[in-house]
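A structural walkthrough
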Amino acid sequence: MPATLVELKKSAIINTLRSCQLFTGLPPEDLENVADVAVVKGLERGEYLFHEGDPAFGFYIVQRGAVNVHRVTATGKEQIIHVFRTGDSFAEVALASATGYPADARALEATQVLLVQKTGILALLKRQPQLALRMLGSMSSHLRVLVGQLEDLTLKDVETRLANWLVKRCPNPPDESPVKIELPMTKRMLAAELGTVSETFSRTLAKFRGQKLLTVKGKVVTVLSPAKLSALLRRNLGE
């Protein structure tokens, strides 16, 4: 392989690392060291990156595309943990686990990821303790997301969970001005994230439309009055 092509590929890897929160502010020489233990992997839409329990070869960073990390319940229902997109890192916890990956990961579209290899990064962490601290910070951030999702799933019904999801994405919930929210995933996937099925999710959206709380056009939901939706949420929560 011509040296220039090798250099271009490494430069692309370094740019991906630099765009990842995990490595923000890392000196160029450290980025190069991480790039040396990273490999590129392409995925077709629907292709699995790993399954729960698979041996952990390292953690991943999305170069482009989207990866759905999820678990399958005993009843066969898919529960989405998070959808990771360009610049996001995931599966860092696998570096400290001997039991393999704790969930499944599947590409939602044509996707390219970096695999930061376990053996190489662990050796690097021994030489660069500050990088280990950064990784702990990233893992803490993922944990906060999971805790938030668990709290949302304890809400009593789908109407309350959907209202909560929408209100969280309104910059100023007490405001009366309409707010447009672009869905970051398909309605089926959002339904799964909210712990329900597509049919129930669609009925709940239709109910909100009938109450003049929102409109839906494609992947854009317009909350007509964040204040009214917030009031419904408070009533449902008994506040």
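Structure's up top.
Residues numbered from 1 in each chain as written. Predicted model: local features only at pLDDT ≥ 70, side-chain atom pairs only at ≥ 80, totals over all residues. Heavy atoms only, no water.

Moving on, we come to the pattern of salt bridges. Going through the model one piece at a time under the given rule, you end up with 4 salt bridges. Among the ionic pairs, aspartate 36 bridges to lysine 10, the shortest N-O distance being 2.8 Å. Within this pair, whereas aspartate 36 is found in the loop between helix 2 (28–35) and strand 1 (38–43), its partner lysine 10 is found in helix 1 (residues 3–19), the two being separated by 26 residues in sequence. On the basis of relative accessible area, aspartate 36 is assigned to the exposed category, the value being 52%. With relative accessibility at 26%, the residue lysine 10 sits in the partly exposed group. Between lysine 207 and glutamate 159 there is a salt bridge whose closest N-O contact spans 2.6 Å. With lysine 207 in helix 7 (residues 198–210) and glutamate 159 in helix 5 (residues 158–168), this residue pair connects regions lying 48 residues apart in the sequence. Members of the salt-bridge network, linked through shared partners, are Lys10, Glu32 and Asp36. (Salt bridge = Lys/Arg side-chain N within 4 Å of Asp/Glu carboxyl O. Helix = DSSP H or I, 4+ residues; strand = E, 2+ residues; numbered from the N terminus. Buried < 20%, exposed > 50% of the residue type's maximum accessible area, 1.4 Å probe, protein only.)

On to the nonpolar core, then. Leu17, Phe23, Val34, Phe59, Tyr60, Phe90 and Ile121 are the most contacted members of the largest nonpolar core, which totals 40 residues. Sequence-distant contacts of leucine 17, that is, excluding residues within four places in its chain, are made with Phe23, Leu31, Val34, Ala35, Ile61 and Leu114. Judged by nonpolar contacts, the second largest core, of 29 residues, contains Val167, Met185, Leu194 and Leu232. (Core = buried A, V, L, I, M, F, W, Y, C linked by side-chain atoms within 4.5 Å. Contact = heavy atoms within 4.5 Å.)

The next point concerns unusual backbone geometry. Here the phi dihedral of alanine 91 falls at roughly 70°; this positive angle occurs in a residue that is not glycine. Structurally, alanine 91 is set in the loop between strand 6 (89–90) and strand 7 (104–107). Alanine 91 sits in the buried class, given a relative accessible area of 13%. Residues other than glycine seldom take positive phi values, yet lysine 212 does so here, at roughly 60°.

Our next topic: the environment of threonine 200. Its location among the elements puts threonine 200 in helix 7. The spatial distance from the C-alpha of threonine 200 to the C-alpha of valine 158 is 7.8 Å, given a sequence separation of 42 residues. At 3.2 Å, the side chain of threonine 200 and the side chain of arginine 203 are in polar contact. (Polar contact = N/O pair within 3.5 Å; in protein donor to acceptor, adjacent residues only side chain to side chain.)

One can describe the packing of helix 5 onto helix 8 (residues 226–236) by two numbers: an axis separation of 9 Å at closest approach and a directional angle of 140°. With respect to their mutual orientation, helix 5 and helix 8 come out oblique. The element helix 5 and its partner helix 8 pack so that their crossing is left-handed. Within the contact between the two elements, helix 5 uses Glu159, Thr160, Ala163, Asn164, Leu166 and Val167 and helix 8 uses Leu229, Ser230, Leu232, Leu233 and Asn236. For the contact of helix 5 with helix 8, a count of residues per class yields 6 nonpolar, 4 polar and 1 charged. (Axes fitted to C-alpha atoms, helices over the stretch in contact; angles between N-to-C directions. Parallel < 35°, antiparallel > 145°, perpendicular 65-115°, else oblique. Left-handed = near helix turned anticlockwise from the far one by under 90°. Nonpolar A, V, L, I, M, F, W, Y, C, P; charged D, E, K, R; others polar.)

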